[in-house]
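Below, each chain spelled out in residue letters.
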Amino acid sequence: VSPEAVLYTGEADMVITRTLGGGEVAFQAGHAAFLGALVENHARIFQTDGTIQDIAIHRGFVEVSGAPTKVSILSDTAELAQDIDVDRAKEALERHLHTLRNEKIEENIAEAIAGRDRAQVRIATGGNFSA
């Protein structure tokens, strides 16, 4: 779920996402209750029909609860792989890398780092690397 829309709802065999300071974590049926902050990452939902739904997550939270197990991802911004313009993300990555090589103002550097991270996640997700 992002502020714009619910991007996915349904059954899955496993959900993999990346938490702040914890690395990648996989959730399957029966997982213990969990709450974690998310970093920019390429999340994967392994659907019961064997397909994988790739989603670019741009920070947020993940909560695991209940029986049956329910995984909820609340993201600041999220994008389905099929909605990502990979060429545009590559152009953005190059712009942010250029800024990081040449910028001296701390605020601009912080913005470039955040932009670089978003672009890298979009490229990884839109490139369907988990398929």
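Please read all numbers here as calculations on a predicted model, not as lab measurements. (Residues numbered from 1 in each chain as written. Predicted model: local features only at pLDDT ≥ 70, side-chain atom pairs only at ≥ 80, totals over all residues. Heavy atoms only, no water.)

Engineer: Residues and numbers for the packing of aromatic side chains, please.
Structural biologist: The final tally for this structure, using the stated rule, is one aromatic pair. Ring plane angle 55° and centroid distance 5.3 Å describe the contact between Phe27 and Phe34, whose orientation is recorded as tilted. Residue Phe27 is classed as buried on the basis of its relative accessible area of 2%. A residue is classified by how much of its surface remains accessible, and Phe34, at 27% relative accessible area, is partly exposed. (Phe/Tyr/Trp six-rings, centres within 6.5 Å; stacked < 30°, edge-to-face > 60°. Buried < 20%, exposed > 50% of the residue type's maximum accessible area, 1.4 Å probe, protein only.)

Engineer: Requested: an account of the pairing of strand 4 (residues 41-47), with residues and values cited.
Structural biologist: With six of seven residues buried, strand 4 lies mostly within the body of the structure. The pairing of strand 1 (residues 12-19) with strand 4 spans four bridges and is classified as antiparallel. Bridge pairing links Ile16 to Arg44 in strand 4. Here strand 4 runs beside strand 5 (residues 52-65); their pairing, made up of six bridges, is antiparallel. Directly across from Arg44, in strand 5, lies its bridge partner Asp54. In this antiparallel pair of consecutive strands, strand 4 and strand 5, the connection spans four residues, and Gly50 shows a positive phi of 95°. (Helix = DSSP H or I, 4+ residues; strand = E, 2+ residues; numbered from the N terminus. Pairing = 2+ DSSP bridges.)

What is shown is where atoms sit, not what they do.
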